[in-house]
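Descriptive structure summary
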Amino acid sequence: MIMVLAMFLAACSGNNNQNASNSGSNSGSGGSEQSSGGQAGSGSGEPPAKVAIVFATGGLGDRSFNDTAYAGIERAKNELGIVYDYVEPQAISEFETFHRDFASTGEYDLIVGISFDQLDAITTVSAEFPDQKFLLIDQAFEGDVDNVASAIFKSNESSFLAGALAALKSETKKLGFLGGMDIPLINEFLSGYIAGAKYVDPSVEVIYKYTNEWANPNLGKEMALSMYESGADVVYAAAGGSGNGVFMAAKEKGKWSIGGDMTPAQEPDNMIVGTLKRLDNTIYNNIQDVINGTWKPGLQALGLADEGVDYSIDGGQIEIPQDIIDIVEDLKAKVISGEISVPATLDEVDAFLASK
């Protein structure tokens with residue numbers, strides 16, 4: 001399934017924005033696009049479910065978070081026969097309006113919100129429409145209600161594996177990390193990355209910076225260049241669209257990269273590993289549960305053991321020696337078994353390494 005996702009994301013890189021602008025109709029709010037996902041992928045007659053999805057502000061074509069979610073909704077269309085509509089907001093302030101617009105129609109069996117900053121919108125609108133089912137991705141929903149499920153991902157676990165691989169592959173023993181914001185969600189990536197790198201090689205140094213913007217690849221490139229120039233030969237991009245600047249810098253400097261919510265197939269000449277939040281699986285599974293009548297509200301905390309996160313070396317052109325892969329796979333098995341408990345905050349990293 002990871003190889004399939006890798007191929008889909010690589011295809012999305014050049015196609016999603018075009019598809020979004022060519023289908024559906026303008027929502028009339030702030031220049032955002034509301035579009036139809038088209039007809040059911042199989043069978044005939046009434047589709048088993050109709051779904052709405054509110055993407056994160058980075059939009060389709062980000063080669064990351066939104067595109068992975070898009071892969072899940074497309075899979076549900078093709079395999080389950082659902083139909084869907086989606087919207088690409090341009091600002092956080094639009095989230096509540098779009099959720100309310102979808103919910104007020106009464107047409108949708110499930111409304112999906114992508115990203116942590118849709119929490120307030122879904123909290124408000126779900127209270128107004130208690131019979132409407134919602135799924136919030138990448139943020140725990142606060143409150144015990146019957147119509148909201150939320151999914152969070154243990155990105156520290158996948159980043160632990162990426163950090164180990166990077167440390168073993170690095171020639172300079174200096175790694176970089178570019179985060180979108182200094183927030184717990186992003187620092188979960190960073191914590192696992194540092195822990196994994198130093199777990200396999202305590203001498204490795206990890207430097208990190210934050211763009212404080214999600215859609216500024218030029219700024220991302222500038223920050224990545226400074227890390228490469230300071231001696232890092234691998235930089236991990238976990239900054240949404242701003243992270244695309246890392247790959248530009250890697251190409252310019254002849255260095256390596258790691259992609260958050262990406263696969264090496266998307267940047268085959270510089271990406272050594274990608275970390276994945278399996279939003280595609282989560283969205284697909286929740287839609288399937290709605291169709292089967294087994295959908296449940298509440299929190300879904302998904303890690304390696306749940307196939308909610310993973311790492312990928314698929315599609316890359318940079319050779320990863322088998323002995324490195326074997327070490328990473330052994331670490332993965334230990335995380336899944338519970339033998340290794342990966343730190344999720346920066347405050348926990350030193351104690352984790354000391355207890356090794």
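Read on for a plain summary of the structure. Here the structure is a predicted model, which is why all the values come from computation and not from measurement. (Residues numbered from 1 in each chain as written. Predicted model: local features only at pLDDT ≥ 70, side-chain atom pairs only at ≥ 80, totals over all residues. Heavy atoms only, no water.)

1. Thoughts on the overall build of the protein chain
The secondary structure content of the protein chain amounts to 11 helices and 14 strands. Within the protein chain, contacts between residues separated by at least 24 positions form 70% of all contacts whose residues are at least 6 apart in sequence. Carbon together with sulfur atoms contributes 46% to the accessible area of the protein chain, which is approximately 14100 Å² in total. (Helix = DSSP H or I, 4+ residues; strand = E, 2+ residues; numbered from the N terminus. Contact = heavy atoms within 4.5 Å. Areas by Shrake-Rupley, 256 points an atom, 1.4 Å probe, with all protein chains shown as cover.)

2. Description of unusual backbone geometry
Across the chain, the bulk of peptide bonds are trans and the bulk of non-glycine residues have phi less than zero. Non-glycine residue Asn212 carries a positive phi angle of around 60°. Inspection of the secondary structure puts Asn212 in the loop between β9 (205-210) and α7 (217-229). Look at Glu307: it is not a glycine, yet its phi comes out positive at around 60°. Relative to the helices and strands, Glu307 resides in the loop between β13 (298-302) and β14 (309-312).

3. A few points about the environment of Glu267
Among the structural elements, Glu267 can be located in the loop between β11 (256-260) and β12 (271-277). On the basis of relative accessible area, Glu267 is assigned to the buried category, the value being 5%. Distance from Glu267 to Phe247, taken between C-alpha atoms, is 7.3 Å for residues 20 residues apart in sequence. Discounting residues that sit within four places of it in the chain, Glu267 has contacts with Arg63, Phe247, Lys251 and Met262. Side chain to side chain, Glu267 and Asn270 meet in a polar contact 3.2 Å long. (Buried < 20%, exposed > 50% of the residue type's maximum accessible area, 1.4 Å probe, protein only. Polar contact = N/O pair within 3.5 Å; in protein donor to acceptor, adjacent residues only side chain to side chain.)

4. Examining the sheet that holds β9
The sheet built from 6 strands is open, its strands ordered β9-β8-β10-β11-β12-β14 with mixed pairing. Two strands close off the open sheet at either side, each with one partner strand: β9 and β14. Neighbouring strand axes in the sheet, compared pairwise and without regard to direction, differ in orientation by 15° on average. Bridge count between β11 and β12: 4 bridges; the pairing is parallel. Paired with Ile258 across the strands is Val273, a residue of β12. Docked against the sheet, helix α5 (residues 155-169) engages β8 (174-179), β10 (234-238), β11, β12 and β14, running at close to 170° with respect to β12. (Pairing = 2+ DSSP bridges. Axes fitted to C-alpha atoms, helices over the stretch in contact; angles between N-to-C directions.)

5. Re the environment of Val83
Its place among the elements puts Val83 in strand β4 (residues 83-88). Considering only alpha carbons, one finds Val83 and Ala49, 34 residues apart in sequence, at a separation of 6.7 Å.

6. Side note on helix α9 (residues 279-292)
Compared with the 20 Å implied by 1.5 Å per residue over 14 residues, the 20 Å span of α9 between its first and last C-alpha is a close match. Buried residues of α9: Leu279, Asp280, Asn281, Thr282, Ile283, Tyr284, Asn286, Ile287 and Val290, and no others. Immediately downstream of α9, the backbone of Gly293 shows phi near 75°, a positive value. (Expected span 1.5 Å × (residues − 1).)

7. Some thoughts on the pairing of strand β6 (residues 134-137)
Every second residue of β6 is oriented toward a common face, with Phe134 and Leu136 on one face and Leu135 and Ile137 on the other, all of them buried. Assessed by its sense of winding, the connection that carries the chain from strand β5 (residues 110-114) through helix α4 (residues 119-128) to β6 is right-handed. Where β6 lies against strand β7 (residues 148-153), 4 bridges are found, and the strand directions are parallel. Bridge pairing in β7 places Leu135 opposite Ala149. (Right-handed = clockwise from strand over helix to strand, strands pointing away.)

8. Here we look at the pattern of salt bridges
For side chains of opposite charge, pairing can occur when their charged atoms come near one another. Tallying each qualifying case throughout the model produces 14 salt bridges. Put simply, Glu74 and Lys77 hold a salt bridge, and the shortest N to O gap is 3.4 Å. A residue pair is termed a helical-turn pair when its members lie 3 or 4 positions apart in one helix, as Glu74 and Lys77 do in helix α2 (residues 65-80) at 3 residues. Classification of Glu74 as buried rests on a relative accessible area of 13%. (Salt bridge = Lys/Arg side-chain N within 4 Å of Asp/Glu carboxyl O.)

9. Notes on the nonpolar core
The tendency in soluble globular proteins is for nonpolar side chains to be buried side by side. In this structure, Ile114, Ile137, Phe160, Tyr193, Ile272 and Ile283 are the most contacted members of the largest nonpolar core, which totals 73 residues. Per-element tally for this core: the top contributor is helix α6 (residues 184-200), with 9 residues. Beyond its immediate stretch of four places on either side in the chain, Ile283 contacts Ile53, Ala69, Gly72, Ile73, Val112, Ile114, Leu135 and Ile137. Counting residues in hydrophobic clusters, the runner-up holds 18 residues, among them Met223, Tyr228, Ala250 and Met271. (Core = buried A, V, L, I, M, F, W, Y, C linked by side-chain atoms within 4.5 Å.)

10. Things to note about the packing of aromatic side chains
Applying the stated criterion to the full structure yields 12 aromatic pairs. With 6.4 Å between their ring centres and 80° between their planes, Tyr70 and Tyr86 make a pair best called edge-to-face. Of this pair, Tyr70 sits in helix α2 while Tyr86 sits in strand β4; the two residues are 16 residues apart in sequence, bridging distant segments of the chain. One exposure class covers both Tyr70 and Tyr86, and it is buried. Ring centres 5.0 Å apart and planes at 75° place the aromatic pair Tyr193 and Tyr236 in the edge-to-face group. (Phe/Tyr/Trp six-rings, centres within 6.5 Å; stacked < 30°, edge-to-face > 60°.)

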